[in-house]
Amino acid sequence: EEAKKAEPAKVLRVGTEPTFAPFEFQKEGSKEYTGFDMDLIRAIGKQMGYKVEIMNMGFDALIPALSSGNIDTVIAGMSITPERQEAVLFSAPYYRSGLVVMVQKNNDTIKGIEDLVGKRIAVQIGTTGAAKAESVKDAKVTAFNTNTEAAMELKNGGVDAVINDSPVVGYYLAQGGSADAKTVGDVLEAEEYGIAVKKGNDKLAAEIDKALAELKKNGEYDKIYKTWFGE
Ligand code: ARG
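Residues numbered from 1 in each chain as written. Predicted model: local features only at pLDDT ≥ 70, side-chain atom pairs only at ≥ 80, totals over all residues. Heavy atoms only, no water.

### Brief notes about the pairing of strand β1 (residues 10-16)
Okay, so step 1: Where β1 meets strand β4 (residues 50-56), seven bridges bridge the pair, whose relative direction is parallel. Each residue of the ladder has a partner; that of Leu-12, found in β4, is Val-52.
Okay, so step 2: Across two bridges, the pairing between β1 and strand β5 (residues 73-74) is parallel. Note on β5: the bridge partner recorded for Val-14 is Thr-73. (Pairing = 2+ DSSP bridges. Helix = DSSP H or I, 4+ residues; strand = E, 2+ residues; numbered from the N terminus.)

### Details of the packing of aromatic side chains
Okay, so step 1: Applying the stated criterion across every chain yields a total of 19 aromatic pairs.
Okay, so step 2: Ring centres of Phe-20 and Tyr-193 lie 6.4 Å apart, and the angle between their planes is 55°; on these two criteria the pair is classed as tilted. Residue Phe-20 is located in the loop between β1 and β2 (25-26), and its partner Tyr-193 is located in strand β12 (residues 190-193); the two are separated by 173 residues in the primary sequence. Residue Phe-20 shares its accessibility class with Tyr-193, and that shared class is buried.
Okay, so step 3: Measuring from centroid to centroid gives 5.6 Å for Tyr-95 and Tyr-193, while their planes differ by 20°, and the two rings are stacked. Remark: Tyr-193 occurs in strand β12 and Tyr-95 occurs in strand β7 (residues 95-104); sequence separation between them is 98 residues.
Okay, so step 4: The exposure class assigned to Tyr-95 is buried, which follows from its relative accessible area of 11%.
Okay, so step 5: Assessed through its relative accessible area of 0%, Tyr-193 is described here as buried. (Phe/Tyr/Trp six-rings, centres within 6.5 Å; stacked < 30°, edge-to-face > 60°. Buried < 20%, exposed > 50% of the residue type's maximum accessible area, 1.4 Å probe, protein only.)

### Overview of the nonpolar core
Okay, so step 1: Among the nonpolar cores identified, the biggest contains 32 residues, and Phe-36, Leu-40, Ile-44, Ile-75 and Tyr-94 are the most heavily contacted of them.
Okay, so step 2: Those elements that provide at least two residues to this core are β1, α1 (36-48), β4, α7 (202-217) and α8 (220-229). (Core = buried A, V, L, I, M, F, W, Y, C linked by side-chain atoms within 4.5 Å.)

### Observations regarding the pattern of salt bridges
Okay, so step 1: For the coordinates displayed, the defined rule picks out seven salt bridges.
Okay, so step 2: Residues Glu-189 and Lys-132 are paired through a salt bridge, measuring 2.7 Å at the closest nitrogen-oxygen approach. You can see Glu-189 sitting in the loop between β11 (181-184) and β12 and its partner Lys-132 sitting in helix α4 (residues 128-134), a full 57 residues away along the chain. (Salt bridge = Lys/Arg side-chain N within 4 Å of Asp/Glu carboxyl O.)

### Notes on the domain arrangement of the chain
Okay, so step 1: Taken domain by domain, the chain comprises domain 1 (10-94 + 194-229) and domain 2 (97-190).
Okay, so step 2: Taking only C-alpha atoms into account, the centre of domain 1 sits 25 Å from that of domain 2.
Okay, so step 3: Domain 1 puts 13 residues into the contact, and the matching count from domain 2 is 14 residues.
Okay, so step 4: Where domain 1 abuts domain 2, roughly 1,100 Å² becomes buried across the two surfaces, and 61% of that area is made up of carbon and sulfur atoms.
Okay, so step 5: Taken as a group, Thr-19, Phe-20 and Phe-59 account for 40% of the area that domain 1 buries against domain 2, more than any other trio of residues on that side.
Okay, so step 6: Linking domain 1 with domain 2 are zero salt bridges, by the criterion used here.
Okay, so step 7: Summed over the shared surface of domain 1 and domain 2, the number is three residue pairs in polar contact (both at pLDDT 80 or more).
Okay, so step 8: A breakdown of the residues in the side of domain 1 that touches domain 2 according to their chemical character gives six nonpolar, four polar and three charged. (Domains from an automatic or database assignment. Contact = heavy atoms within 4.5 Å. Buried area = accessible area lost by both parts, 1.4 Å probe. Polar contact = N/O pair within 3.5 Å; in protein donor to acceptor, adjacent residues only side chain to side chain. Nonpolar A, V, L, I, M, F, W, Y, C, P; charged D, E, K, R; others polar.)

### Some words on unusual backbone geometry
Okay, so step 1: Going from Ala-21 to Pro-22, the amide bond is cis rather than trans, its omega being 5°.
Okay, so step 2: With respect to the element layout, Pro-22 can be found in the loop between β1 and β2.
Okay, so step 3: Its identity is not glycine, yet Asp-138 carries a phi of approximately 60°, on the positive side.

### With respect to the packing of α1 against α7
Okay, so step 1: Put simply, α1 and α7 touch, their axes get as near as 9 Å, and they point 105° apart. In terms of orientation, α1 lies roughly perpendicular with respect to α7. Residue-level inspection shows Leu-40, Ala-43, Ile-44, Gln-47 and Met-48 of α1 in contact with α7, the latter providing Leu-204, Glu-207, Ile-208, Ala-211, Leu-212, Glu-214 and Leu-215.
Okay, so step 2: Taken together, the residues of the contact of α1 with α7 sort by class into nine nonpolar, one polar and two charged. (Axes fitted to C-alpha atoms, helices over the stretch in contact; angles between N-to-C directions. Parallel < 35°, antiparallel > 145°, perpendicular 65-115°, else oblique.)

Now the structure itself:
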């Protein structure tokens, strides 16, 4: 019998918003998408036998792109929330996170979220940090398309605070941001990240969950975790 021609690899179209280091970002001068989420989804795709194609879009465009079928899945440090679960199906949680307040380093009046009443807060559009900021009484919230812009606005003194995910703020501070900024108060909200697929696509969600479970079992998840977060 003649050998079968190799089937073209199935493609998994993955949407992300890459200003969220160390989960998804582009190293300076590079177009390549890197980070914890990027390594994880490539490993999941490989496990599933798919070729992974990363697509860059606005954070608030990710769920609409899933719903319209332009992408198959989203990995973007996206927190599993009841509101989002109305629109999408999440994998099992893959990372435990939370929100935190960041201020200028020399600010000694804002000690936590309770001090943000009436203040100017920068956030990324469509995020849980944005929702949290909106809940602060009389706050003037500016929603930026990227996290880079939100952090820059704080540095330039255009706002009094940023609300963003704690591992992302931690990474930013560790990468040099601590020269101008610091976090204040406790972690505000415990959240877990999930990989999203279109609601109704239970088959793909199950495939992703199966691959994720396998990577957790075989040590690959831990390896990726250590690469980005240490021990
Ligand atoms: N965890 C937050 C949320 O789900 C922020 C995620 C932002 N992610 C990104 N890739 N910019 O709303």
